[in-house]
Amino acid sequence: MQRVLVRSAGSAGPEVEVVAFRLERRPGDLAALDDAERERAERFVFALHRDRFIAGRAMLRGVLGDRLGRQGRSLEMVSGPAGKPALADGAIEFNLSHTEDRAVLALGPPGRALGVDIEAQRPLSNRAALAAVSFAPQERVDVEAEVDPDAAFYRVWSRKEAVIKALGAGVGYGLTRFRVSAGVRAQLLGFVDPRERLDAWTLESLDLGAEVAAALATRVLDTPGGLT
Ligand SMILES: CC(C)(COP(=O)(O)OP(=O)(O)OC[C@H]1O[C@@H](n2cnc3c(N)ncnc32)[C@H](O)[C@@H]1OP(=O)(O)O)[C@@H](O)C(=O)NCCC(=O)NCCS
């Protein structure tokens, strides 16, 4: 397990802990889940996907329980309007992301919504087509202007996902309703929604190795606009 401590950009915000781990199911993982999670686990068609889900939720509960001094199994989870999991008592903010057998969990104190994303950097044969349906026009231009456009594509993708997940939204929010940077330095550049204040946000890339792109977004919770 790899742990990274991220001090939110602007440094006024609280520290956010990032835990990167492999989705390898261990004995006892299923017993750590609640009834709803076990029912969901049963619905997976492929054992590989089921085991990864179980491993992810068991790790999530284990880490949260550890930080709170409680049994992970006893933690009550609720879902936001678009399915974002949260603790019912809001004692810790968290967000989980996974790609293949890699996962990343971000957690921090209440007051800031978190969104984290990890993406395996597979070779792209259809970069322009994917960007056309997911990126704002300027983001597409910015990606193609970078020295390594594939790497830039994954930077933008993971940053946009992290923002969507901090909002607690899904793709229904509108992927072109905000813009992020394509360069090595992560920046949230603007929202269409005038209620979203950029100073309520932080956005950063996470260095979790060359095979993946990863990003973390944080958003102050008492500002209007988000769903969480
Ligand atoms: C959940 C969602 C927001 C992200 O899904 P994803 O990228 O496939 O998956 P990730 O691994 O990053 O995240 C999934 C985890 O996020 C959490 N999650 C679920 N719904 C969420 C939501 N609405 N907001 C934040 N987190 C959510 C869950 O913990 C989930 O894992 P679990 O169910 O195993 O516990 C998805 O609904 C979505 O809309 N994806 C957008 C896909 C896309 O086209 N992206 C283009 C980017 S430019």
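Residues numbered from 1 in each chain as written. Predicted model: local features only at pLDDT ≥ 70, side-chain atom pairs only at ≥ 80, totals over all residues. Heavy atoms only, no water.

1. Section: the site of the ligand
Stage number 1. Surveying the vicinity of the ligand reveals 23 residues, the closest of which are Arg57, Ser97, His98, Glu161 and Lys165.
Stage number 2. Measuring from a nitrogen atom of the ligand, one finds a backbone N or O atom of Ala82 at 3.0 Å.
Stage number 3. When the ligand sits alone it has 910 Å² of accessible area, and the protein chains cover 80% of it.
Stage number 4. For the shell around the ligand, the elements supplying multiple residues, two or more each, are α2 (47-68), β5 (93-99) and α5 (149-167).
Stage number 5. Each residue belonging to the shell around the ligand can be placed in one class, and the counts come to nine nonpolar, seven polar and seven charged.
Stage number 6. Both domain 1 (2-112) and domain 2 (117-220) contribute no fewer than three residues apiece to the shell around the ligand. (Near = heavy atom within 4 Å. Polar contact = N/O pair within 3.5 Å; in protein donor to acceptor, adjacent residues only side chain to side chain. Areas by Shrake-Rupley, 256 points an atom, 1.4 Å probe, with all protein chains shown as cover. Helix = DSSP H or I, 4+ residues; strand = E, 2+ residues; numbered from the N terminus. Nonpolar A, V, L, I, M, F, W, Y, C, P; charged D, E, K, R; others polar. Domains from an automatic or database assignment.)

2. Here we look at the packing of helix α3 (residues 127-134) against α5
Stage number 1. Contact geometry for α3 and α5: axes closest at 11 Å, N-to-C directions at 25°. Taken together, the axes of α3 and α5 are roughly parallel relative to one another. Judged by the twist between their axes, the crossing of α3 over α5 is left-handed. Taken together, the residues of α5 that come into contact with α3 (itself represented by Arg127, Leu130, Ala131 and Ser134) are Pro149, Asp150, Phe153, Trp157 and Lys160. (Axes fitted to C-alpha atoms, helices over the stretch in contact; angles between N-to-C directions. Parallel < 35°, antiparallel > 145°, perpendicular 65-115°, else oblique. Left-handed = near helix turned anticlockwise from the far one by under 90°. Contact = heavy atoms within 4.5 Å.)

3. A few points about the nonpolar core
Stage number 1. Among the nonpolar cores identified, the biggest contains 27 residues, and Val163, Phe178, Leu188, Phe191 and Trp201 are the most heavily contacted of them.
Stage number 2. Of all the elements in the fold, those that place two or more residues in this core are α5, β8 (178-180), β9 (188-191), β10 (201-206) and β11 (212-220).
Stage number 3. Top contributing element to this core by residue count: α5, with nine residues.
Stage number 4. Residues contacting Val163, with those up to four places away along its chain left out, are Phe178, Val180, Leu188, Phe191, Trp201, Leu203 and Ala217.
Stage number 5. Core analysis: the next-biggest nonpolar cluster, separate from the first, contains 17 residues, Ala55, Leu64, Met77 and Leu105 among them. (Core = buried A, V, L, I, M, F, W, Y, C linked by side-chain atoms within 4.5 Å. Buried < 20%, exposed > 50% of the residue type's maximum accessible area, 1.4 Å probe, protein only.)

4. Re the domain arrangement of the protein chain
Stage number 1. Along its sequence, the protein chain is organised into domain 1 (2-112) and domain 2 (117-220).
Stage number 2. One C-alpha centre belongs to domain 1, the other to domain 2, and the line joining them spans 22 Å.
Stage number 3. With 22 residues of domain 1 in contact, the opposing surface of domain 2 contributes 22 residues.
Stage number 4. Buried surface at the junction of domain 1 and domain 2, both sides included, amounts to about 1700 Å², of which 56% is carbon and sulfur.
Stage number 5. Counting across the domain 1 and domain 2 interface gives two salt bridges.
Stage number 6. The interface formed by domain 1 and domain 2 holds ten residue pairs in polar contact (both at pLDDT 80 or more) in total.
Stage number 7. If you list the elements that add at least two residues to the side of domain 1 that touches domain 2, you get β1 (2-7), β2 (15-22), β5 and β6 (102-108).
Stage number 8. Tallying contributions element by element places β5 first for the side of domain 1 that touches domain 2, with five residues.
Stage number 9. Along the lines of polarity and charge, the residues of the side of domain 1 that touches domain 2 split into ten nonpolar, seven polar and five charged. (Buried area = accessible area lost by both parts, 1.4 Å probe. Salt bridge = Lys/Arg side-chain N within 4 Å of Asp/Glu carboxyl O.)

5. Digging into the packing of aromatic side chains
Stage number 1. The full count for this structure, using the stated rule, is eight aromatic pairs.
Stage number 2. Considering the side-chain rings of Phe191 and Trp201, the 5.4 Å spacing of their centres and the 40° angle between planes classify their relative orientation as tilted. Of this pair, Phe191 sits in strand β9 while Trp201 sits in strand β10, and the two are ten residues apart along the sequence. Residue Phe191 shares its accessibility class with Trp201, and that shared class is buried.
Stage number 3. Through a chain of ring-to-ring contacts, three or more aromatic side chains come together here, namely Phe135, Phe153, Tyr154 and Trp157.
Stage number 4. When the ring centre of Phe178 is taken as reference, the NZ or CZ atom of Lys160 above it lies at 4.1 Å.
Stage number 5. Above the ring of Tyr173, the side-chain terminus of Arg177 is found at 4.4 Å from the ring centroid. (Phe/Tyr/Trp six-rings, centres within 6.5 Å; stacked < 30°, edge-to-face > 60°. Lys NZ or Arg CZ within 6 Å of the ring centre and 35° of its normal.)

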